Amino acid sequence: MNILKKIVALLVICIVPSIAHSKTLKIGVAGEPSSIDPHYHNVGPNNMFATNIFSMLVGQDENQQTIPDLATSWKPINDTTWEFKLRNDVKWHDGSKFTADDVIFTATRAPNVPKSPASFGIYLKGKTFVKIDDYTVHVKTEKPYPLMANDLSVVKIISKKHGENATTEDYNSGKAAIGTGPYKFKQYVKGDKIVLEKNSDYFGKKPEYDTVEIKPIKSGPARVAALLSGDVDLIDGVPPVDVKKLKKNKKVQLSSGPSNRVIYLHIDQFREKSPHVRAIGGGDIKNPLMDVRVRKAISLAINRDAMVAKVMEGLAIPAGQLLPKGFHGVSENMKPDPYDIKTAKQLMKEAGYGKGFELTIHGPNDRYINDAKIAEALGQMLSKIGIKCKIETMPKAVYFKRASAGGPDKTPEFSMMVLGWGAGSGEASSPLKSLLATHNKEKGMGGANRGRHSDPKVDALIDKALATVDSPARGKILAEATEIAVGKNYGIIPIHYQVNTWGAKAGYSYLPRTDEYTVVAGFQKK
Amino acid sequence: MTVYILQRTLQSFVVLFVMSLIVFCGVNLIGDPIYMMISPESEPAEIERVIKEFGFDRPVLEQYWFFLKNVASGDFGRSFVQGIPALPLILERFPATIELAVFSLFISLVIALPLGVYAGLYPERKSSKIIMSGSILGFSMPTFWVGIMLIMLFAVKLDWLPSTGRGELGTFLGIESSLFTLNGLSHIFLPALNLALFKLSSVLRLTRAGTREVILQDYIKFARAKGLSHSRVINVHLLKNILIPIVTVIGLEFGSLVAFSTVTETVFAWPGAGKLIIDSVYNLDRPVIVAYLIIIVAFFVFLNLIVDILYSFLDPRVRIKGSSE
């Protein structure tokens, strides 16, 4: 027994000196980037990680509001042209100067990465980049394009010198991973860690740490254990079940903030015969969900406060529209529907469904926080107004395809779906366009409109907003469209906004971000 | 002997072929990788581009034929998620899994063999009974739970060992492994222990049963009568004879250690192939799934062949039978 203790003590002594004298920050993250190449895959973990090494023309602050990054200012100089003025004091990690040539090169490379599963082409389509001088770029479009800055805040700028002829593998090995960000690429051990080192010439806020180690730890409990044991200094995605206990733990400081993700229900409102709706007893029934009174009744039957308190353990905010307060395009006049069983029952009777009906609710079980539990809770709540519910959840790998195109003729397969939508652009046009605009493949509208809500008034407002460059005016139009599509038509039924929790070691905290990103700059002394 | 090996190799190829067909078709019937990969904000034109580029619009058998042609030239396709060739991706992660499996095997043998022999020699003692009851715990407790408990105890409460990840690599005889550094050993100890528990229990019980059986044999009595020392009787005559079933089990179980280290690797964030496969299943990264399963089958088959060859050294009866044919 003595020998064992000696061996273990020896091991411990050998570990301690391996902690470098320089300041190192270790972060444990739930999602690992699939590549270091910033244009390979338009997905959360990749975009989040790339902000450490690369910069964009326009940045997003913790509330996804646009802020200057590589561009000092931008404005529309005519209806179809935006002018971006660039910083002249930026150096790439190899010391060469950043100029407009790099921007032009990025615009041609980003949409054309071979084998890209989700390309950045959607942000660059229809835009022509023109170099005016070394530090000025014009971006031209066919029609007025108000969301220019938001689109460009997603595309990372790469160096023409190193990016020309570089493949995705060159980025993964570090050869081409030359950026202008606060940290330089040092090492990438797949599945284990990504090591970054300080860029002393960074043009923005000076990086605090000499070395940053990003460790992907997929399992929630293991991530929490890593924080508790001091193996990492910061983690993201703290599981809701652990939050109560961790709040009391002196070794850990939790930080929570709302995200841009709304959890909602899409409802089949375009088919008279909906595949998962039946009369009580199993007979056929005309789809009750087509009646707006039934949809309103369902919304009134959802006890959002209980959902937040019991199912989400307090880590959610009741929702009445598409985005929480503070985002662009949010309506001041909309509040989450109250919990009102009496009115709900009355509406059901008025619509002719006083006896209720049978419904199957579908949802994913591994995509959103507590998604399966949300579906189950909904089933219980709706039974109070006579809707007998069956719940079916499945892994996201099967759910989304079936939800979009699993039915006959590639129509949505389900009648009521639990879904989430994170507005990547930080404003309301994103969910309006994809979830509530009339489904139209050619126009590229309503791509995720699985309930097939369709209202020409809403469509017209969305089109108008997408062409209105004046920001406050656009905000008003988006708010109006939301009031009609959600408030009046119940095109979707919002349930709550997700709240994300980060955990930092004692004495530190994390500045929560609505885009759910974990960035080094957000880690700060309390 | 050579004929035997050739026969077995041919059989293995048939097995591999059938397996690849089953896996490929099976994986193509579940879910849709496109929806896993692309941003939901994408336009239909973008979705069409992805479908064409990855060949999803062709019938399954045509995709399979395409796949076979590429495999013949060593190309197992490119990962949907990472865009790099699947085979190098998997092989790159294998060393981490192999070293975990090897160390785990080492731990389980070092503990199970002596304890099993002891329990078999002195079955009536209280300590033997405790050992046997303990072994039941070993294979009934779920790996996931045990792993988390180990982390909570050794990393969080006692802070003796790190909770996650792989340590630094060292080189020895040209092989790079984290087993050759102290930092690496401190990282590998808990996951290897976690992975070893199941194996430990089965080897222990097998050893005990084998010991109980062999100790009653005539040749043991004869060796004692001859006046051989106790340790020689145990270490040579007893051990050699009980090792045959144990080698079989170890051979098969080593394969499963490598193939199914998924749970341990996920809990300890160990960057091995097991974690890669579970992530690929979740992301519907078909090329990686198919390539991985084929490699594992090839590995199992090869392992079985080694075990059979080892037999002929341990058991003279197999040797004699083989040569007389």
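Novice: Hey, could you go over the overall build of chain B for me, with residue numbers and the actual values?
Specialist: Along its length, chain B carries 14 helices and two strands. Overall, chain B is about 85 × 60 × 40 Å in size when its C-alpha atoms are taken along their principal axes. In chain B, the proportion of contacts linking residues at least 24 apart, taken out of those at least 6 apart, comes to 68%.

Novice: Run through the overall build of chain A, naming residues and quoting values.
Specialist: Helix and strand counts for chain A come out as 17 helices and 22 strands. For chain A, whose C-alpha radius of gyration is 25 Å, the value lies close to the compact-globule estimate of 24 Å for 526 residues. By its C-alpha atoms, chain A is 75 × 70 × 40 Å across when sized along the principal axes. Per-residue burial over chain A gives 50% buried out of 526 residues.

Novice: With reference to specific residues and values, describe the environment of Glu169 of chain A.
Specialist: Structurally, Glu169 of chain A can be placed in helix 7 (residues 168-173). Counting along the chain gives 264 residues from Glu169 of chain A to Lys433 of chain A, while the straight-line C-alpha distance between them is 35 Å.

Novice: Would you mind going over the packing of helix 9 (residues 218-226) of chain B against helix 10 (residues 230-259) of chain B in detail, with residue names and values included?
Specialist: Residues and elements named next belong to chain B. Between helix 9 and helix 10, the shortest axis-to-axis distance is 11 Å and the interhelical angle comes to 150 degrees. Overall, the two elements helix 9 and helix 10 adopt an arrangement that is roughly antiparallel. Taken as a pair, helix 9 and helix 10 cross one another with a handedness that is right-handed. Across from Tyr219, Ile220, Ala223 and Arg224 in helix 9, the residues of helix 10 making contact are Val233, His237 and Leu238. Taken together, the residues that form the contact of helix 9 with helix 10 break down as five nonpolar, one polar and one charged.

Novice: So, the interface of chain A and chain B: which residues are in play, and what are the values?
Specialist: Think of interface size as the accessible area that goes away when the parts come together; that is how it is often given. Taken residue by residue, the interface counts 47 residues in chain A and 48 residues in chain B. Within the residue set of the side of chain A that touches chain B, elements represented by two or more residues are helix 1 (2-15), helix 4 (121-124), helix 7, strand 12 (211-216), helix 8 (220-228), helix 14 (396-405) and helix 15 (429-436) of chain A. For the side of chain A that touches chain B, the per-class residue count stands at 21 nonpolar, 16 polar and 10 charged.

Novice: Give me the lowdown on unusual backbone geometry, citing residues and values where you can.
Specialist: Even without a glycine there, the phi angle at Glu516 of chain A is positive, about 65 degrees. Its location among the elements puts Glu516 of chain A in the loop between strand 21 (508-510) and strand 22 (523-525). Although it is not a glycine, Asp159 of chain B adopts a positive phi angle of roughly 55 degrees. Relative to the elements of secondary structure, Asp159 of chain B occurs in the loop between helix 7 (143-157) and strand 1 (170-172).

Novice: Lay out the pairing of strand 18 (residues 387-394) of chain A with the relevant residues and their values.
Specialist: All names here are of chain A. Sheet topology places strand 17 (residues 357-364) next to strand 18; eight bridges connect them, and they run parallel. Bridge assignment links Pro364 to a residue of strand 18, and that residue is Met394. Between the parallel elements strand 17 and strand 18, the chain passes through helix 13 (residues 371-383) in a crossover that is right-handed.

Novice: An account of helix 10 (residues 292-301) of chain A is requested, with residue identities and associated values reported.
Specialist: Residue and element names in this part refer to chain A. With eight of its 10 residues buried, helix 10 lies for the most part within the structure. Listed as buried for helix 10 are Val294, Arg295, Lys296, Ala297, Ile298, Ser299, Leu300 and Ala301. On its buried face, helix 10 sits against strand 14 (252-267), helix 12 (341-350), helix 13 and strand 20 (492-505).

Novice: Hey, could you go over the sheet that holds strand 5 (residues 71-78) of chain A for me, with residue numbers and the actual values?
Specialist: Residue and element names in this part refer to chain A. An order of 5-6-8-7 is seen for the four strands of this open sheet, with the pairing classed as antiparallel. Either end of the sheet is taken by a strand with one partner, and the two such strands are strand 5 and strand 7 (128-133). Here the strands of the sheet are splayed against their neighbours by 25 degrees on average, with no regard to which way each runs. Sheet strands touched by helix 3 (residues 100-109): strand 6 (81-86), strand 7 and strand 8 (136-140). Its angle to strand 7, the strand with the most contacts, is close to 170 degrees.

Novice: Before we move on, can you summarise the packing of helix 6 (residues 126-140) of chain B against helix 8 (residues 182-214) of chain B with the specific residues and values?
Specialist: Packed helices, taken two at a time, are described by the angle their axes make and the gap between the axes. Residues and elements named next belong to chain B. Helix 8 packs onto helix 6 with a crossing angle of 140 degrees between their chain directions and a minimal axis gap of 7 Å. Overall, the two elements helix 6 and helix 8 adopt an arrangement that is oblique. In this structure, helix 6 crosses over helix 8, and the sense of that crossing is left-handed. Residues Ser135, Gly138 and Phe139 of helix 6 pack against Leu197, Phe198, Leu200, Ser201, Ser202, Leu204 and Arg205 of helix 8. In terms of residue class, the contact of helix 6 with helix 8 is made up of five nonpolar, four polar and one charged.

Novice: Explain helix 13 of chain A to me, and be specific about the residues and the numbers.
Specialist: For helix 13 of chain A, spanning 13 residues, the distance from its first C-alpha to its last is 19 Å, which sits close to the expected 18 Å at 1.5 Å a residue. Packed against the buried residues of helix 13 of chain A are strand 14, helix 10, helix 11 (304-311), strand 17, strand 18 and strand 19 (416-422) of chain A.

Novice: Residue-level account of the environment of Ala86 of chain B, with values.
Specialist: Residues and elements named next belong to chain B. Turning to its location among the elements, Ala86 is positioned in helix 5 (residues 86-121). C-beta crowding within 10 Å serves as the criterion here: with 24 such atoms nearby, Ala86 is assigned to the buried category. Distance from Ala86 to Thr207, taken between C-alpha atoms, is 40 Å for residues 121 residues apart in sequence.

Novice: If you had to explain the pairing of strand 12 of chain A to someone new, which residues and values would you point to?
Specialist: All names here are of chain A. Along strand 12, five of the six residues are buried, which leaves the element largely enclosed by surrounding structure. For strand 1 (residues 24-29) and strand 12, the ladder comprises six bridges, and the chain directions are parallel. Pairing of Leu25 across the sheet is with Val212, part of strand 12.

Novice: So what's going on with the environment of Leu254 of chain A? Which residues, and what values?
Specialist: All names here are of chain A. Here Leu254 is to be found in strand 14. Look at Leu254 and you get partly exposed, because 16 C-beta atoms sit within 10 Å. For Leu254 and Val238, which are 16 residues apart along the polypeptide, the C-alpha to C-alpha distance reads 8.7 Å. Ignoring anything within four residues of it in the chain, the contact list for Leu254 reads Val238, Val243, Leu246, Lys247, Thr501 and Gly503.

Novice: Mind laying out the confidence of the model for chain B, listing which residues take part and the relevant values?
Specialist: Residues and elements named next belong to chain B. Per-residue confidence for chain B gives a mean pLDDT of 82; residues scoring 70 or more make up 93%. Ranking the elements of chain B by mean pLDDT puts helix 14 (residues 316-324) last, at 59, and helix 7 first, at 90. Both scores are given for the predicted complex: the pTM is 0.82, the ipTM 0.78.

Novice: Residues and numbers for the confidence of the model for chain A, please.
Specialist: Averaged over all residues, the pLDDT of chain A is 89; the fraction at 70 or higher stands at 96%. Confidence, expressed as mean pLDDT per element, reaches its minimum in chain A at helix 1 of chain A with 61 and its maximum at strand 13 (residues 234-235) of chain A with 95.

Each value, and the rule that gives it
Residues numbered from 1 in each chain as written. Chains lettered and ligands numbered in written order. Predicted model: local features only at pLDDT ≥ 70, side-chain atom pairs only at ≥ 80, totals over all residues. Helix = DSSP H or I, 4+ residues; strand = E, 2+ residues; numbered from the N terminus. Contact = placed C-beta atoms within 7 Å. Rg over C-alpha atoms; globule rule 2.2 N^0.38 Å. Buried ≥ 20, exposed ≤ 12 C-beta atoms within 10 Å, placed from the backbone. Axes fitted to C-alpha atoms, helices over the stretch in contact; angles between N-to-C directions. Parallel < 35°, antiparallel > 145°, perpendicular 65-115°, else oblique. Left-handed = near helix turned anticlockwise from the far one by under 90°. Nonpolar A, V, L, I, M, F, W, Y, C, P; charged D, E, K, R; others polar. Pairing = 2+ DSSP bridges. Right-handed = clockwise from strand over helix to strand, strands pointing away. Expected span 1.5 Å × (residues − 1). pLDDT = per-residue confidence, 0-100.

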